[in-house]
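Residues per chain are reported as follows:
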Amino acid sequence: MTITELAPAVGRDRALSPRTYAMTRPSHFEVTYRINPWMNPSVEVDTALALRQWNVLRETYIQLGHSVSEVPALPGLPDMVYAANGGLVVGGIAIAAAFRHPQRQPEGAAYAAWLDSAGLGPVHTVSGINEGEGDFLVVGDRILAGTGFRTDRDTHRQVAAITGLPVVSLELVDPRYYHLDTALGVLDEETITYYPDAFSPDARRILADLYPTAVLANDADAAVLGLNLVSDGLNVVMTDAAPHLASLLAAAGFNPIGVDLSELLKGGGGVKCCTLELRPGVTS
Ligand code: ARG
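Residues numbered from 1 in each chain as written. Predicted model: local features only at pLDDT ≥ 70, side-chain atom pairs only at ≥ 80, totals over all residues. Heavy atoms only, no water.

A.B. asks: Would you mind going over the site of the ligand in detail, with residue names and values included?
C.D. replies: Around the ligand sit 17 residues in total, of which Asn36, Arg104, Asp181, Gly267 and Cys273 are the nearest. Within the side chain of asparagine 85, an N or O atom sits 2.9 Å from a nitrogen atom of the ligand. Taking histidine 179, its side chain carries an N or O atom lying 2.8 Å from a nitrogen atom of the ligand. Here the ligand, which alone exposes 350 Å², has 100% of that area covered by the protein. If you map the ligand onto the pockets, it falls in the largest cavity. Here the residues of the shell around the ligand sort into six nonpolar, seven polar and four charged. (Near = heavy atom within 4 Å. Polar contact = N/O pair within 3.5 Å; in protein donor to acceptor, adjacent residues only side chain to side chain. Areas by Shrake-Rupley, 256 points an atom, 1.4 Å probe, with all protein chains shown as cover. 1 Å grid on protein atoms, 1.4 Å probe; cavity = no way out; pocket = protein on both sides within 12 Å on 5 of 7 lines; lining within 4 Å. Sits in = over half its atoms within 2 Å of the grid points. Nonpolar A, V, L, I, M, F, W, Y, C, P; charged D, E, K, R; others polar.)

A.B. asks: I'd like to hear about the confidence of the model for the protein, residue by residue, with values.
C.D. replies: Overall, the predicted model of the protein reaches an average pLDDT of 95, with 95% of residues at or above 70. Looking at the elements of the protein, mean pLDDT is at its lowest for strand 1 (residues 2-3), recorded as 49, and at its highest for strand 9 (residues 184-186), recorded as 99. (pLDDT = per-residue confidence, 0-100. Helix = DSSP H or I, 4+ residues; strand = E, 2+ residues; numbered from the N terminus.)

A.B. asks: Got a sec to walk through the nonpolar core? Specific residues and values, please.
C.D. replies: In this structure, Leu144, Leu184 and Phe199 are the most contacted members of the largest nonpolar core, which totals 35 residues. Listed by contribution, the elements that provide at least two residues to this core are strand 6 (136-139), strand 8 (167-171), strand 9, strand 10 (192-194), helix 4 (201-210), strand 13 (235-239) and helix 6 (243-251). With three residues, the single largest contributor to this core is helix 6. Not counting residues within four places of it along the chain, the set of residues in contact with phenylalanine 199 comprises Leu170, Glu171, Leu172, Val173, Leu180, Ala183, Leu184, Tyr194, Arg204 and Leu207. Among the nonpolar cores identified, the runner-up in size contains 25 residues, and Val45, Leu57, Val237 and Leu264 belong to it. (Core = buried A, V, L, I, M, F, W, Y, C linked by side-chain atoms within 4.5 Å. Buried < 20%, exposed > 50% of the residue type's maximum accessible area, 1.4 Å probe, protein only. Contact = heavy atoms within 4.5 Å.)

A.B. asks: Give me the sheet that holds strand 11 (residues 215-216): which residues, what numbers.
C.D. replies: The strands making up a sheet are joined through hydrogen bonds of the backbone, oriented either antiparallel or parallel. The sheet built from three strands is open, its strands ordered 9-10-11 with mixed pairing. For this open sheet the edge positions go to strand 9 and strand 11, each flanked by a neighbour on one side alone. Of the strand pairs in this sheet, strand 10 and strand 11 are connected by two bridges, and their pairing is parallel. In the sheet register, threonine 193 faces strand 11, and the bridge partner there is valine 215. (Pairing = 2+ DSSP bridges.)

A.B. asks: Would you mind going over empty space enclosed by the protein in detail, with residue names and values included?
C.D. replies: Think of a ball as big as a water molecule: rolled over the atoms, this probe shows where empty space is left. The tally for this structure, following the rule as stated, stands at one cavity of 30 Å³ or more. Within this model, the largest cavity holds a volume of roughly 70 Å³. For the largest cavity, the lining is made up of 13 residues, of which Asn36, Tyr82, Arg104, Tyr178 and Gly267 are closest to its centre. Residue composition of the lining of the largest cavity, by class: four nonpolar, six polar and three charged. (Points joined across faces, edges and corners; volume = space filled by probe spheres on them.)

A.B. asks: Outline helix 6, listing residues and values.
C.D. replies: Inspection of helix 6 places Leu245, Ala246 and Leu249 among the buried residues, and these make up the whole buried set. Mapping the buried residues of helix 6 onto a view down its axis gives an arc of 100°, with all of them on the same face. Opposite its buried face, helix 6 presents the exposed residues Pro243 and Ala251, each directed more than 90 degrees away. Against the buried residues of helix 6 lie strand 10, strand 11, helix 5 (219-223), strand 13 and strand 14 (255-259). (Arc of directions from axis to C-beta.)

A.B. asks: Mind laying out the side chain of glutamate 277, listing which residues take part and the relevant values?
C.D. replies: With respect to the element layout, glutamate 277 can be found in strand 15 (residues 276-277). Side chain to side chain, glutamate 277 and arginine 19 meet in a polar contact 3.3 Å long. When neighbours within four sequence positions are excluded, glutamate 277 is seen to be in contact with Arg19, Thr20, Tyr21, Val89, Glu133 and Lys272.

This is the structure in structure tokens:
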């Protein structure tokens, strides 16, 4: 693991806030079906290496002072390692996922049961397909929501009603970037980074209006899932294969920390995909 030196934050005071994450160990990880362009069942997967790389990611969060809860991995659900898709938890309210592809559908109930057992129940449901934090990203008091490949647009409205937060719908247009979290990363409560070409013209206009100072990633950054990152407001845990994006983030006052998740990339996922954030409610 490389923890880079703190970049000089010129004129910006970046600060971390401690987070609680849920992660699922890739004990049963393999690529046996293809539900996104990254997956190729004829390419061999080294599950032992996937486990080591995942452990480094988990340890990185712990060393940064965050807590990590582990969701038990179930046999026969190789994509369960991508915990971000397992639900959405904001303000202590949990919403269950409902997956588009039959291969992943049993994960919905498994994650909902785990969220309930973690004290986050009652777990809400919405009607229609929604793939949790794969397509719902919380930015401060607003939720950005992807649609086009996985999550039904109609679920966006339902998530707004349940959480009481405004939800902004964004259409994805490139099959390589099938979840919002493959094309857009949340850096802090008002800062995002994204790859414009992954979005429809309307979505690009909305993003440019809402986030005029966003960090814009290039083709090469996106093509290694560089945007699939996890930030605590200061430290940005991301692939070590996106040096251009890392340098832009450092120049913006963040501290990029590179990790190698090459095995998990074979399933079409990266750092953020492996990480479900559990956002607490306000306690009185
Ligand atoms: N193979 C998984 C799928 O296609 C990868 C999910 C990646 N997760 C994410 N949050 N983007 O569903």
